[in-house]
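Given next are the chains, with one letter for each unit.
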Amino acid sequence: MDAWPLRHLVLRTPRLELRPDDDAALHELIEVAREGVHDPSEMPFNVPWTDHLGDGRGLLQHFWGQRAKFSPEDWVIAFVVRYEGRAIGVQDIGARDFSVLREVGTGSWLGKRFQGNGFGTEMRVAVLQFAFDHLGADVARSAAWLGNHASNRVSAKLGYVPDGTLRMAPRGERLEHVRLRLDAADFVRPDWNVTVEGLAECVQLITS
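Points about the packing of aromatic side chains
Okay, so step 1: For the structure on display, the rule yields 6 aromatic pairs.
Okay, so step 2: Ring geometry for W4 against F70: centres 5.8 Å apart, planes inclined by 80 degrees, an arrangement best described as edge-to-face. With W4 in the segment before β1 (10-12) and F70 in the loop between α2 (57-68) and β3 (74-83), the pair connects residues that are 66 residues apart, well separated along the chain.
Okay, so step 3: An aromatic cluster is built from W4, F70, W75 and F98, whose rings are joined through pairwise contacts.

Put into structure tokens, the structure is as follows:
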């Protein structure tokens, strides 16, 4: 029996490969983040981790913490996204009480120099197809700041609808966080399907 079967999980799209994080990949991500993730004058995340990247230890601890508490009742899979073999960002998907609620949430980031190429859409489609078609999810949720036009455009294009707002203050300034909901039947699909490998080995960790 494999103690960590998630290591066999792979999602493939026309251009990208997504695998759950491991320590070697996390060190690559630190370098990607150091090169820049967003305009420093803005903060697209509700936790302002890019303001405190430092030597990257906090980033490592965040991902280690997610792995340490992974259970069927509360899980997050942080997929490291690769283009032509190089790490370019992270696409995560997670859920609580998935076997009952059949809902997932997603979040992502890309290195700034890889933005504007459609990678953000492609990697989110990958985990949405994974959730709806392979895990049996009914609903996917996401969120973005009201002024995060790039993220909100991707969401609208894929079929998400607004589902209320939250007020948050990642840098001490009040911002409106728009919650988004996507029902499986409303998912606007591309003309390709994600390829999933290694799910049989780890599905019990996710859906039981």
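Quick word on the pairing of strand β4 (residues 86-96)
Okay, so step 1: For β4, the buried fraction is high: 8 of the 11 residues fall into the buried class.
Okay, so step 2: Two elements, β3 and β4, share 10 bridges in a ladder whose sense is antiparallel. For Y83, the partnering residue across the bridge sits in β4 and is R86.
Okay, so step 3: A loop of 2 residues connects β3 with β4, the two strands running antiparallel in sequence, and E84 in this loop sits at a positive phi of about 50 degrees.

Concerning the environment of L199
Okay, so step 1: Take L199: it is sitting in helix α6 (residues 199-207).
Okay, so step 2: Measuring from C-alpha to C-alpha, the distance between L199 and G111 comes to 28 Å, with 88 residues separating the pair along the chain.
Okay, so step 3: Setting aside anything within four residues of it in sequence, one finds L199 in contact with L9, F130, H134, L135 and I206.

Cut-offs used in this document
- All residue numbers refer to positions counted from 1 along the written sequence of the respective chain.
- Local features in a predicted model are, by the rule used here, given only for residues with pLDDT of at least 70; side-chain atom pairs are given and counted only at 80 or more, and totals for whole chains, interfaces and linings are based on all residues.
- Calculated side-chain values reflect all of the structure's heavy atoms, with hydrogen atoms and water omitted.
- Pairing of aromatic rings covers Phe, Tyr and the six-membered ring of Trp, with a centre-to-centre limit of 6.5 Å; geometry is then stacked below 30 degrees between planes, edge-to-face above 60, and tilted otherwise.
- Every helix listed is a DSSP run of H or I at least four residues long, and every strand listed is a run of E at least two residues long, numbered separately from the N terminus.
- Here's how the labels work: a residue is buried when its accessible area is under 20% of the maximum for its type, exposed when over 50%, partly exposed in between, all with a 1.4 Å probe on protein chains only.
- Pairing between two strands requires that DSSP report at least two bridges joining them.
- Should any heavy atoms of two residues lie within 4.5 Å, those residues are considered in contact.

Interpretation in functional terms is not warranted from these geometric data alone.
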